[in-house]
Amino acid sequence: MLDHCSISHKGGVVLWSRSFTPAASHTAASSASPVNSLVREALIEGRSSDGKYEKDGYAVKWTFVNDLELIFVVAYQRILQLTYVEDLLNALKTLFIKLFQPFLTTFVASLHVTTTVKLSASADTHSSWNFAKAFDGWDAVFDKLLRGLEDKAAQERRTRSGHVIRPMVEVTPPEEDINLVPAQSSDNVLDEEQIARNVQALKNRLRGRGGPPGRRGRGRTDVGNGRDSLPGSDSETPSKSKRKAKAKAQRKWGDEAPTESDMASLDFSYDSSTSDSHTAPPVDLSALVDNGSLGTRTQDGLYEVRDWEFAQSQGGKSADDVIAEVLKKSGQEPPKPTSSSLGALGSIFARLTGSKVLTEEDLKPVLEAMKQHLMKKNVAKEISDKICEDVGQSLVGKKVGGFQTTNSAVRQALANSITRILTPKTSTDLLLSIRTKLSAPVAASQQRQPYSITFVGVNGVGKSTNLSKVCFWLIQNGFRVLIAACDTFRSGAVEQLRVHVRNLGMLGVDGATNSKGRVELYERGYGKDAAGIAKEAISYARDNDFDVVLIDTAGRMQDNEPLMRALAKLVATNNPDKIIFVGEALVGNEAVDQLTKFDRALRDFSAASGGQERGIDGMLVTKWDTVDDKVGAALSMTYVTGQPIIFVGCGQTYTDLRQLRVGNVVQAILSD
């Protein structure tokens, strides 16, 4: 059990502390506390560098955060061998910095500013900080972390103490008679028989290993003493028929087309136990929807997906994730601190002090460091060069008056350039576009056309999965959706959509128990013309009062001209309202090549097919939860096409869809 834990600044300001016993609380308030002794005798004098200090029966361990000048200290009774203290310190440091870094940075900067004024003003400044309010919620995080580490340590102790060495079974030598084995108890006859078989099998192996060469492979019968040995294992049976593996049924091939019965026998989409009724097995609905990531409903009843917020995913890990990682990887060496590229910019900015006008020579090393930082954030090299060029042009000739002014000026210029690129040129309100078309007046002799969205992209980025997420979002907003299975090439593509439609039909909307009738699948099998299937699906949706048609297409590489022509034919034939490119957040420079060629091929081939020139209208970025703060792919994609990112996919359930805000992306890219 711990006695005391505290987080303080090197200047002596205690940010947070906790004492676990009344005696420890009384000792911590006195000058003889182990923490004060640590500061006086170890830290100030520099006599201890191994991170451990002992005083008056206490063991004290600590760790530093040099960038923020913080000290994390843990004190406990020396007689207690607490094995989790190192893990606790590392986790405290990680969590505290991730949760409160903006406040800590401001606080440390204010301490440096107050060194230039009077001591009385400094004291007033220190007293004005409300640490209890600033660190609200930290106690709960600390308690959860400590409780998890203590439970893990207790479980390890129980495991060590409860480990009993089982006595080895004494094996009778081959020379001894097996009849000397004690009689079996009738109560445990099955267990004893199993033990006897195992012992006899071991005897047989010993005979075959240590006996004369001629005895190996002689069989399972001991000829020398006239005893019949028991089978060595379940697989060692005297029957040869049981040893034979069941022969695989040969596939029947013929020159004639397969009949319906043949096709039914080859349909493995359903379980064999339910193949007669063709009903799907029961599905765990709780695994399809994450209640923690559900969107919100507006006053008008519209269902809106949540915004992706970088502040809640600093470094890509929440407090619970870090705690779980510490509990899982206890004893692991803490990662060495690394200096970020913008941190390196700080040393360059430090030379640009004083009132002067910035020139190209002054900014050249700064812009080079900035370009390296952007590429580390997964921004394509071409876009990094363009952004740095814009920032340089906005700073050349600007008068700066000191380090802080230069730093803020460069960061502001970088933020402005990124914001200009990410700001959408067209509306990203997809619901508004759908409602506008559906409410538009039509002639009495015509039928209302559904709103159609085509999903395109390279192989394996998650088009079908994220199409189903968009379908869930549309269903929640009251639309009837038809999914067109136009991927007639990839094996299992139609079956995958069939499963998604089945799952989506089981999920309720506004209190309803299911969504049957709100979503259907239009399929025509494999090997068919995708453009024709899409046209038939739109006609079917028009005749059956569907509001939206989601067209799933086969993945294709951007350099495959025949497949790109086929995609352009689908676009030219059906003229969808939106063409959404689905790309993954893991790509770097490849994003430029993919989007450039996709957009160019669609425009060229769609115009050549007799339709109007159509390009990509928006993007959906998948696997967003795998890149942490390296969100540069969003910047690259938006720069290449000039079109907005409508959604990002960040999980495996139907609710794992997010909207991007420009400010959050800028914050993630500029973060260290």
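Participant: Where do I start with the nonpolar core in this structure?
Facilitator: Formed by 98 residues in total, the largest nonpolar core has its most connected members in Ile 418 and Trp 624. The contacts of Trp 624, once residues within four sequence positions are left out, are Trp 308, Ala 585, Val 631, Ala 634, Val 648, Gly 649, Cys 650 and Leu 660. Membership of the second largest hydrophobic core comes to 37 residues, among which are Ala 91, Phe 100, Leu 111 and Phe 131.

Participant: Teacher, can you tell me more about the sheet that holds strand β2 (residues 14–19) here?
Facilitator: Strands belonging to one sheet form pairs held by backbone hydrogen bonds; the direction of such a pair is parallel or antiparallel. One open sheet accounts for five strands, arranged β2-β1-β5-β4-β3; its pairing is antiparallel. Two strands bound the open sheet, and with one partner strand each, they are β2 and β3 (52–55). Going across the sheet, the axis of each strand differs from the next one's by a mean of 15°, ignoring polarity. Relative to strand β4 (residues 58–65), β3 is paired through four bridges, and the arrangement is antiparallel. Each residue of the ladder has a partner; that of Tyr 53, found in β4, is Val 60. On the sheet, helix α6 (residues 138–161) packs against β1 (2–9) and β2 and is oriented at approximately 45° with respect to β2.

Participant: Is there a simple way to explain the packing of aromatic side chains in this structure?
Facilitator: Two numbers describe a pair of aromatic rings. These are the distance of the centres and the angle of the planes. Counted by the stated rule, this structure contains 21 aromatic pairs. Pairing Phe 103 with Phe 131 gives two aromatic rings, centres 6.3 Å apart and planes at 90°, and the pair type is edge-to-face. Separated by 28 residues along the polypeptide, Phe 103 in helix α3 (residues 85–114) and Phe 131 in helix α5 (residues 131–134) bring together distant segments of the chain. For Phe 131, a relative accessible area of 16% puts it in the buried group. Aromatic pair Phe 103 and Phe 135: ring centres 5.3 Å apart, planes at 85°, arrangement edge-to-face. Here the residue Phe 103 occupies a position in helix α3, and Phe 135 occupies one in the loop between α5 and α6, the gap between them amounting to 32 residues. Taking the relative accessible area as the measure of exposure, Phe 135 reaches 5% and is therefore buried. An aromatic cluster is defined as three or more aromatic residues linked by ring pairs; in this entry it consists of Trp 16, Phe 20, Phe 72, Phe 96, Phe 100, Phe 103, Phe 107, Phe 131, Phe 135, Trp 138 and Phe 142.

Participant: Quick question: what am I supposed to make of the environment of Leu 422 here?
Facilitator: Inspection of the secondary structure puts Leu 422 in helix α14 (residues 403–422). In this structure the C-alpha to C-alpha distance between Leu 422 and Ile 645, which are 223 residues apart in sequence, comes to 8.7 Å. When neighbours within four sequence positions are excluded, Leu 422 is seen to be in contact with Ala 634, Leu 635, Thr 638, Val 662, Val 665 and Val 666.

Participant: Can you walk me through the packing of helix α20 (residues 590–608) against helix α21 (residues 632–641) in this structure?
Facilitator: The description of two helices packed together rests on the angle between their axes and the distance between the axes. In the contact formed by α20 and α21, the axes pass within 9 Å of each other and the chain directions differ by 30°. It follows from the interaxial angle that α20 and α21 lie roughly parallel. By crossing handedness, the relation of α20 to α21 is classed as right-handed. Contact with α20, carried on its side by Ala 591, Val 592, Leu 595 and Thr 596, involves Ser 636, Met 637, Val 640 and Thr 641 of α21 and no other residues of that element. Classifying every residue of the contact of α20 with α21 by side-chain character gives five nonpolar, three polar and no charged.

Participant: Even after reading the chapter, I still don't get the sheet that holds strand β17 (residues 578–584), so can you show me in this structure?
Facilitator: As summarised here, the arrangement of the nine strands in space is β10-β20-β19-β18-β17-β13-β16-β14-β15, forming an open sheet in which the pairing is mixed. Of all strands in the sheet, those with a lone pairing partner are β10 (306–307) and β15 (519–522), marking the two edges. Where strand β14 (residues 481–485) lies against strand β16 (residues 548–552), five bridges are found, and the strand directions are parallel. Residue pairing across strands places Ala 485 opposite Asp 552, the latter belonging to β16.

Participant: What exactly am I supposed to notice about the confidence of the model for the chain here?
Facilitator: Detailed conclusions should not be drawn from predicted coordinates in areas where pLDDT is low. In this model, the chain carries an average pLDDT of 76, and 72% of its residues clear a pLDDT of 70 or more. Below a pLDDT of 50 lies the segment residues 211–242, which in the model reaches 30 contacts outside its immediate sequence neighbourhood of four places, other chains included. Below a pLDDT of 50 lies the segment residues 312–316, which in the model reaches nine contacts outside its immediate sequence neighbourhood of four places, other chains included.

Participant: I would appreciate a short explanation of the side chain of Ser 6 in the present structure.
Facilitator: Along the chain, Ser 6 falls in strand β1. Discounting chain neighbours no more than four positions away, the residues touching Ser 6 are Trp 16, Ser 17, Val 35, Ile 71, Phe 72 and Val 73.

Participant: Where do I start with the environment of Leu 414 in this structure?
Facilitator: With respect to the element layout, Leu 414 can be found in helix α14. On the accessibility criterion, Leu 414 (2% relative accessible area) is buried. Between the C-alpha atoms of Leu 414 and Ile 669, which are 255 residues apart in sequence, the distance is 9.9 Å. Those residues in contact with Leu 414 that lie beyond four places of it in its chain are Met 370, Leu 374, Ile 387, Val 391 and Leu 670.

Criteria and cut-off values
- Residues numbered from 1 in each chain as written.
- Predicted model: local features only at pLDDT ≥ 70, side-chain atom pairs only at ≥ 80, totals over all residues.
- Heavy atoms only, no water.
- Core = buried A, V, L, I, M, F, W, Y, C linked by side-chain atoms within 4.5 Å.
- Buried < 20%, exposed > 50% of the residue type's maximum accessible area, 1.4 Å probe, protein only.
- Contact = heavy atoms within 4.5 Å.
- Pairing = 2+ DSSP bridges.
- Helix = DSSP H or I, 4+ residues; strand = E, 2+ residues; numbered from the N terminus.
- Axes fitted to C-alpha atoms, helices over the stretch in contact; angles between N-to-C directions.
- Phe/Tyr/Trp six-rings, centres within 6.5 Å; stacked < 30°, edge-to-face > 60°.
- Parallel < 35°, antiparallel > 145°, perpendicular 65-115°, else oblique.
- Left-handed = near helix turned anticlockwise from the far one by under 90°.
- Nonpolar A, V, L, I, M, F, W, Y, C, P; charged D, E, K, R; others polar.
- pLDDT = per-residue confidence, 0-100.

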